[in-house]
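Close look at the chain arrangement
Here's the letter readout for the chains.
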Amino acid sequence: MRTTPTILHLDMDAFFASAEQAAKPSLRGKAVVVGGLGPRGVVATCSYEARIFGVHSAMPMAQARRLAPNAAYLVPRFGLYREVSEQVMGLLGALSPLVEPLSLDEAFVDLEAGGTAWDEQSARLTGAKLRADIRAVTGLTGSVGLAASKMLAKIASEQAKPDGLVLIEPGTERALLGPMSVRTLPGVGPATGDHLRRAGISTVEEIAEAGEDELVRLLGKAHGHALYAMALAHDERPVVAERETKSVSVEDTYDVDIHDRTRVGLEVQRLADRCVQRLRGAGLSGRTIVLKVRRYDFSTLTRSETLRGPTDDTAVVREAAARLLEAVDTTGGVRLLGVGVSGLADYTQEDLFAQAQAAAGELAAQEHPEEEPAQEPAVEQAPVAERRWPAGHDVRHAEHGHGWVQGSGLGRVTVRFETPYSEPGRVRTFRTDDPDLEPADPLPLVLRRPEEPGPPDPGPEVPEPADAEIGSQASSVPARRPKSRSGGSGSGNATSSP
């Protein structure tokens, strides 16, 4: 069992909302809520200013609006979030080959495997430098937890929020865990928590006192053994560098139930197209097509079909999803649809014959050089869809430059013209079909220096208290482990750095 606090857990602070505040000077220091804005939307995340009013993740958006009516409500910009996440994960990858991403804004790192930390002092220095680097590269803040195991490192990062660092010192783990709720431990959800509470077990200390046999009786052998070990602060789970992707899927929840069967079919085709785009973007293919349908009464049906070989062909996925839909009763209305592909591979069935087909084509061309290639039938152009302007998304105006959508409706769109590097900008309103207004890509949150690689400079247009201070320590960290270890130990339960 590891005894040094060299497992690091990073959790970015209110990630989506913080990214929006960094991108929009007029929203800094104000309540921001990011999520689905329709009647059935839910909160993806919210700023700390919004949490003061009781808003939290997974809350229905309608309830959030009642609690914080003056907050800014924005549609997520996942392209921006992924770009920032890649920057953060790149910094983590420089620390160790063992980085285990849990989501766009959260990851475990085994610092000892990278030789960047081997005792308490080096771990603190590495964590402090990481936080500074994240702020310099992204303009955002992250909270860092350091401990001897993944479970404790995650608990430490929760204690560090927002924008802090907490290290759980060896020997203090049991005292720290004892008074915490059983829900703190991995694998204890609402159902298990209620089951333990009915048995008179509410804290981690009470789990340890109940004993392993009692936990096995209550929860079964595997779960009981694992939970008892974690209550004793024993967590042997390693940091896993790569997690195999098991499926690729997309789904949409509709503000109003869809009753028209033709409309349902068109939505399934559109979702199939998006799913294939995501599949190809990941360089994957799959052989099992899955359709998910949530009906008006919240009952959820899933249907699947397994093909003879993996594919990333849009037509094939569309046809399979349409066949699956035929077996689903949508009478009464549909509130959610989803299309997914599983049984993933990094090749397609067509790849197996590609070289042979190419060779055959070349031979035919040599034998019949005078033949004209067959003309593909003309594809009828689909009608142009009405322009939509999601709140919070980027736009560019031919005269006023870069801005973002504050809101739209009744044929009008309101735009605030500002960039991450400007002062709060002015607001203007346009027709939704204004030819001078176009959707735009997000700008980087931090301007790169001229010597740094990346897109060109767009120009001017474009808490919980810490337990104890780390003290005045150097901000740099050794690049690799020295030949002789320098011991470093301290006393106390947890130390933190703002």
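The rules we used
- Residues numbered from 1 in each chain as written.
- Predicted model: local features only at pLDDT ≥ 70, side-chain atom pairs only at ≥ 80, totals over all residues.
- Heavy atoms only, no water.
- Helix = DSSP H or I, 4+ residues; strand = E, 2+ residues; numbered from the N terminus.
- Buried < 20%, exposed > 50% of the residue type's maximum accessible area, 1.4 Å probe, protein only.
- Core = buried A, V, L, I, M, F, W, Y, C linked by side-chain atoms within 4.5 Å.
- Contact = heavy atoms within 4.5 Å.
- Pairing = 2+ DSSP bridges.
- Axes fitted to C-alpha atoms, helices over the stretch in contact; angles between N-to-C directions.
- Phe/Tyr/Trp six-rings, centres within 6.5 Å; stacked < 30°, edge-to-face > 60°.
- Parallel < 35°, antiparallel > 145°, perpendicular 65-115°, else oblique.
- Left-handed = near helix turned anticlockwise from the far one by under 90°.
- Nonpolar A, V, L, I, M, F, W, Y, C, P; charged D, E, K, R; others polar.
- UniProt positions renumbered as here; feature names shortened; annotations may be inferred.

Another aspect to go through is unusual backbone geometry. That bond from Lys161 to Pro162 is cis: its omega, -10°, falls within 30 degrees of zero. Within the secondary structure, Pro162 sits in the loop between α7 (150–160) and β8 (165–168). For Ala58, which is not a glycine, the phi torsion comes out positive at approximately 75°. Positionally, Ala58 belongs in the loop between α2 (48–51) and α3 (61–67). Ala58 sits in the exposed class, given a relative accessible area of 59%. Even without being glycine, Leu410 reaches a positive phi, approximately 55°. The residue Leu410 is located in the loop between β14 (401–409) and β15 (412–417) in this model. A relative accessible area of 89% means that Leu410 is categorised as exposed.

Ranked by internal contacts, the top residues of the largest apolar core, which has 37 residues, are Leu8, Leu10, Leu92, Leu130, Leu140, Leu146 and Leu445. Take this core: its biggest share by element is 7 residues, from helix α4 (residues 78–93). With sequence-adjacent residues up to four places away left out, Leu146 is seen in contact with Pro5, Ile7, Leu8, Leu111, Ala123, Arg124, Ala156, Leu165, Val166, Leu167 and Ile168. Core analysis: the next-biggest nonpolar cluster, separate from the first, contains 32 residues, Ala153, Val166, Leu185 and Ala233 among them.

Our next topic: the pairing of strand β12 (residues 334–345). Counting buried residues along β12, 10 of its 12 residues qualify, which places the element largely inside the surrounding structure. Sheet topology note: the strand β9 (residues 247–258)/β12 ladder contains 8 bridges and is antiparallel. Its bridge partner being in β12, Ser247 is matched across the sheet by Ser342. Where strand β10 (residues 285–295) and β12 come together, 10 bridges link them in antiparallel fashion. Bridged to Val290 within β12 is Gly340.

Moving on, we get to the sheet that holds β10. Pairing within the open sheet is antiparallel, and its 4 strands lie in the order β9-β12-β10-β11. Looking along the sheet, the strands with just one partner apiece sit at the ends: β9 and β11 (300–311). The mean angle between the axes of side-by-side strands here comes to 10°, regardless of whether they run parallel or antiparallel. Here β10 runs beside β11; their pairing, made up of 8 bridges, is antiparallel. Along β11, the bridge assignment pairs Val290 with Ser304. This element, helix α13 (residues 261–281), spans β9, β10, β11 and β12 of the sheet and lies at about 150° to β9.

With that out of the way, let us pick up the packing of aromatic side chains. A full pass over the atoms with the stated rule returns 6 aromatic pairs. Measuring from centroid to centroid gives 5.6 Å for Phe16 and Phe78, while their planes differ by 85°, and the two rings are edge-to-face. Of this pair, Phe16 sits in helix α1 (residues 15–23) while Phe78 sits in helix α4, and the two are 62 residues apart along the sequence. Given a relative accessible area of 14%, Phe16 falls into the buried group. Aromatic pair Phe417 and Phe430: ring centres 5.9 Å apart, planes at 90°, arrangement edge-to-face. You can see Phe417 sitting in strand β15 and its partner Phe430 sitting in strand β16 (residues 426–431), a full 13 residues away along the chain. Look at Phe417 and you get buried, because its relative accessible area is 12%. Linked through ring pairs, Phe15, Phe16, Phe78 and Tyr81 together constitute an aromatic cluster.

Below, the discussion takes up the packing of helix α11 (residues 212–219) against helix α12 (residues 221–231). For the pair α11 and α12, the least separation of the axes is 7 Å and the interaxial angle reads 140°. One element, α11, and the other, α12, form an angle in the oblique class. Like other packed secondary-structure pairs, α11 and α12 cross with a definite hand, here right-handed. Taken together, the residues of α12 that come into contact with α11 (itself represented by Glu212, Leu215, Val216 and Leu219) are Lys221, His223, Gly224, His225, Leu227 and Tyr228. The residue makeup of the contact of α11 with α12, split by class, is 5 nonpolar, 3 polar and 2 charged.

Those residues carrying the UniProt feature "binding site: Mg(2+)" (unreviewed entry) are Asp11 and Asp105 in this numbering. Spanning 95 residues, the annotated positions come together in the fold, the maximum distance between their C-alpha atoms being 5.9 Å. Tracing the chain through its elements places Asp11 in strand β1 (residues 7–12). Residue class for Asp11 comes out buried when judged on its relative accessible area of 10%. Setting aside anything within four residues of it in sequence, one finds Asp11 in contact with Asp105, Glu106, Gly142, Ser143, Ser157, Glu158 and Lys161.

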